[in-house]
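# Observations on chain architecture
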Amino acid sequence: MDVIVSVGSNFFYTVTLPCTLWFFDKAKAKGWRKDQVLFIDARSFYRQVSRAHRDFLPEQIEFLANIVRLWRIEAVETEAGSQELIQQHFPEGRYQDVPGVCKVATLAQIEAQGWSLNPGRYVGVADRGSDDFDFLERLEVLAEELTLMNFEAKELEERIQMNLASFLEDRS
């Protein structure tokens, strides 16, 4: 086993379930990566095509492939526009474990997890940072917006009723 990638739901037309891609490399048994597996959680990388379907943008595919390239100490490719994602997640230009995105696990670590090959078990969750807003203040703003929208909805409802009544009178 070389690389395992967790892909979110709605990537297939016939089924909404998420999937996991497994990449094997027989030649790795003789190299320095022989007792390592790269786990990538790609569930947060997608383009919403429709309510029920997602896909990857070219730069997202390239970024995911570049994670593997960085881990293998190979040159990255940026023709599809993945440089911003690479800079954001790998500012030093070399592979590092990124919470919520990727992690290298040794066979000993995988054995300690009962041989589970679920990327989420190793990758973890991204640090969202601190929320820089006051919840009550934000709730008040949203409540005001809701009141305004309800008022506008009532006006529209009345206008629709008047137009409908006028239309029905004209037909009589």
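From a predicted model like this one, the values you see are computed outputs, not experimental measurements.

Moving on, we come to the confidence of the model for the chain. When pLDDT is averaged across the chain, the result is 90; 96% of the residues are at 70 or more. Highest mean pLDDT in the chain belongs to helix α1 (residues 58-71) (97); lowest belongs to helix α5 (residues 135-171) (87).

Taken as a whole and judged by the stated rule, the model has seven aromatic pairs. Judged by centre distance (6.4 Å) and plane angle (70°), the rings of W32 and W71 are edge-to-face. In this pair, W32 sits in the loop between β2 (19-23) and β3 (36-41) while W71 sits in helix α1, placing the two residues 39 residues apart along the sequence. Seen in terms of ring centroids, F90 and Y95 are 6.0 Å apart; in terms of plane orientation they differ by 35°. Their pairing is tilted. Here the aromatic residues F45, F63, F90 and Y95 are joined through ring pairs into a cluster of three or more.

A few words on the pairing of β3. Counting buried residues along β3, six of its six residues qualify, which places the element largely inside the surrounding structure. Every second residue of β3 is oriented toward a common face, with Q36, L38 and I40 on one face and V37, F39 and D41 on the other, all of them buried. Two strands pair when backbone bridges link them, and strand β1 (residues 3-7) and β3 are joined in this way by four bridges, in the parallel orientation. From the neighbouring strand, S6 faces β3, where its bridge partner is D41. When β3 meets strand β6 (residues 102-106), the two strands line up antiparallel, connected through five bridges. Directly across from L38, in β6, lies its bridge partner V104.

The next subject is the nonpolar core. Ranked by size, the top nonpolar core spans 23 residues in total, and within it L38, I40, F63, I67, F90, Y95 and C102 carry the most contacts. Of all the secondary-structure elements, those providing two or more residues to this core are β1, β3, α1, α2 (83-89) and β6. With sequence-adjacent residues up to four places away left out, L38 is seen in contact with D2, V3, I4, I67, V68, W71, Y95, C102, K103 and V104. Counting seven residues, the second largest nonpolar core, distinct from the first, contains V37, A105, Y122 and V123.

With that settled, consider the layout of surface pockets. Rolled over the atoms, a probe as big as a water molecule pinpoints where empty space is left. By volume, the largest pocket is sized at about 250 Å³. What lines the largest pocket is V3, V5, V7, L21, F23, I40, F56, I61, L64, A65, V68 and R72. Listing elements by their share of the lining of the largest pocket, those giving two or more residues are β1, β2 and α1. Considering each element in turn, the lining of the largest pocket owes the most residues, four residues, to α1. Tallied by class, the residues present in the lining of the largest pocket amount to eleven nonpolar, no polar and one charged.

The rules behind these values
Here the residue numbering is sequential within each chain, running from 1 through the sequence in written order. The predicted nature of this model means local features are confined to residues of pLDDT at least 70 and side-chain atom pairs, given and counted, to a pLDDT of 80 or more, with totals for whole chains, interfaces and linings taken over all residues. Think of the side-chain values as coming from all heavy atoms in the structure, minus any hydrogens and water. Per-residue confidence from the prediction method is given by pLDDT, with values spanning 0 to 100. Strands are runs of DSSP state E lasting at least two residues, helices are runs of H or I lasting at least four, and both sets are numbered from the N terminus onward. Only rings of Phe, Tyr and Trp enter the pairing, Trp through its six-membered ring, and a pair is recorded when the two centres are within 6.5 Å. The plane angle decides the type: under 30 degrees is stacked, over 60 is edge-to-face, the rest tilted. The classification of residues rests on relative accessible area computed with a 1.4 Å probe and restricted to protein chains. Under 20% of the type maximum is buried, over 50% is exposed, and intermediate values are partly exposed. The criterion for strand pairing is that DSSP finds at least two bridges linking the strands in question. Working definition of a nonpolar core: buried Ala, Val, Leu, Ile, Met, Phe, Trp, Tyr and Cys residues. They are joined through side-chain atoms within 4.5 Å. We call two residues in contact when some of their heavy atoms are within 4.5 Å. Space inside and on the surface of the protein is sampled on a 1 Å grid over the protein atoms alone, with a cavity defined as a set of points where a 1.4 Å probe fits but cannot get out and a pocket as an open set with protein on both sides within 12 Å along at least 5 of 7 lines; lining residues have an atom within 4 Å of a point. Grid points are joined across faces, edges and corners, and a volume is the space filled by probe spheres set on the points. Note on residue classes: Ala, Val, Leu, Ile, Met, Phe, Trp, Tyr, Cys and Pro are nonpolar, Asp, Glu, Lys and Arg are charged, and everything else, Gly too, is polar.

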